[in-house]
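# Structural characterization, general
As a plain string of letters, each chain reads:
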Amino acid sequence: MRALAAAAGVLLLAGAGLTGWALGQSAENNRLEQQLAQAQQTQGAMLGILTSEDAKVSTARMADGAVVTVAYAPSLNQGAVTAHGLPDLPAGKTYELWLQHDNVMVPAGLMSSAAPGSPMMTLLEGQLSGATAVGITVEPAGGSPAPTTEPIMVQEL
């Protein structure tokens, strides 16, 4: 009888472990599905920008070799930034995008990549109309309401 109770206990613990593992896999799958949906939305918006009749694309190479491309369509009031080769940042830091309006930098979103070292593609947030440039700064995680560091890149529109 004790052997049967011990076996039941082992099965119960194994079942609980499998349930926890399955729940962890489910959460990971949900996260991956959300990332995929976001990437598809970004790619769809980027395609709309690039196929717009008034699409403009500007590419710049930074001193460290990183390549930043800004694509925007004034008629859609939409734009996107793609960056290849930006260095990975330490924990607690993020790349933040800015739109320059009348020499004032206005937050335009945070840049992130799906995996360290992979290209970053981010849709610009905010009012693109009237902006004269796009900037990138290194900010605390979560971003800042105003730049706290000198821009690592400013690209005229």
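Anything mentioned here points back to the structure above.
The structure displayed is predicted, hence computed values, not measured ones. (Residues numbered from 1 in each chain as written. Predicted model: local features only at pLDDT ≥ 70, side-chain atom pairs only at ≥ 80, totals over all residues. Heavy atoms only, no water.)

### Some words on the sheet that holds strand 2 (residues 67-73)
Note the threshold: For two strands to pair, DSSP has to find at least two bridges joining them. A helix here means a DSSP run of H or I that spans at least four residues, while a strand means a run of E at least two residues long, and both kinds are numbered starting from the N terminus. Lines fitted to C-alpha atoms define the axes, with helix axes restricted to the stretch in contact, and inter-axis angles between N-to-C directions lie between 0 and 180 degrees.
An order of 1-2-3-6 is seen for the four strands of this open sheet, with the pairing classed as antiparallel. Strand pairing shows two members of the sheet lacking a second neighbour, strand 1 (56-61) and strand 6 (120-123), which therefore form its edges. Here the strands of the sheet are splayed against their neighbours by 15° on average, with no regard to which way each runs. Note that strand 2 and strand 3 (residues 78-84) share seven bridges and pair antiparallel. Of the residues in strand 3, the one forming a bridge with Val67 is His84.

### Brief notes about the nonpolar core
To keep things clear, this is the line we draw: Here, the term nonpolar core denotes a set of buried Ala, Val, Leu, Ile, Met, Phe, Trp, Tyr and Cys residues that are joined through side-chain atoms within 4.5 Å. Categorising residues by exposure relies on relative accessible area from a 1.4 Å probe, with only protein chains included: less than 20% of the type maximum marks a residue as buried, more than 50% marks it as exposed, and the intermediate range marks it as partly exposed. Any two residues having at least one pair of non-hydrogen atoms within 4.5 Å are treated as being in contact.
Val81, Met111 and Leu124 are the most contacted members of the largest nonpolar core, which has 20 residues in total. Contributions of two or more residues to this core are made by strand 2, strand 3, strand 4 (93-101), strand 5 (104-111) and strand 7 (133-140). Apart from residues lying up to four places away in sequence, Val81 is in contact with Val68, Thr69, Val70, Leu97, Met111, Met120, Met121, Thr122, Leu124 and Val134. Ile49, Ala71, Ala73 and Ala80 belong to the second-largest nonpolar core, a separate cluster that totals five residues.

### Topic: the side chain of Thr137
What counts is decided by this rule: Distance and chemistry together define a polar contact, namely a pair of N or O atoms within 3.5 Å, with one atom able to donate a hydrogen and the other to accept it when in protein, and with adjacent residues in sequence counting only for side-chain atoms on both sides.
Positionally, Thr137 belongs in strand 7. Among the polar contacts listed, one links the side chain of Thr137 to the side chain of Glu139, at a separation of 2.7 Å. Residues in contact with Thr137, not counting those within four places in the same chain, are Thr94, Tyr95, Glu96, Trp98, Pro147, Thr149, Glu150 and Pro151.

### A few points about the pairing of strand 2
In terms of burial, strand 2 is a largely internal element, six of the seven residues being buried. When strand 1 meets strand 2, the two strands line up antiparallel, connected through six bridges. The partner of Arg61 across the bridge, within strand 2, is Val67. The loop that links strand 1 with its antiparallel partner strand 2 comprises five residues; one of these, Gly65, has a positive phi angle of about 100°. A loop of four residues connects strand 2 with strand 3, the two strands running antiparallel in sequence, and Asn77 in this loop sits at a positive phi of about 55°.

### With respect to the side chain of Gln100
With respect to the helices and strands, the residue Gln100 is situated in strand 4. Residues in contact with Gln100, not counting those within four places in the same chain, are Met105, Gly130, Ala131, Thr132, Ala133 and Val154.

### Some points on unusual backbone geometry
Positive phi outside glycine occurs at Asn77, with the angle close to 55°. Mapped onto the elements, Asn77 comes out in the loop between strand 2 and strand 3. Residue classification places Asn77 among the partly exposed positions, given a relative accessible area of 29%. Although it is not a glycine, Asp102 adopts a positive phi angle of roughly 50°. With respect to the helices and strands, Asp102 occurs in the loop between strand 4 and strand 5. Classification of Asp102 as exposed rests on a relative accessible area of 72%.

### Considerations on the sheet that holds strand 5
Ordered by their spatial adjacency, four strands build an open sheet running 5-4-7-8, and the pairing between neighbours is antiparallel. Strands with a single pairing partner mark the edges of an open sheet, and in this sheet they are strand 5 and strand 8 (153-156). Within the sheet, the average angular offset between the axes of one strand and its neighbour, ignoring direction, is 30°. Alignment of strand 4 against strand 5, held across seven bridges, turns out to be antiparallel. Across the sheet, residue Leu99 finds its bridge partner in strand 5, namely Val106.

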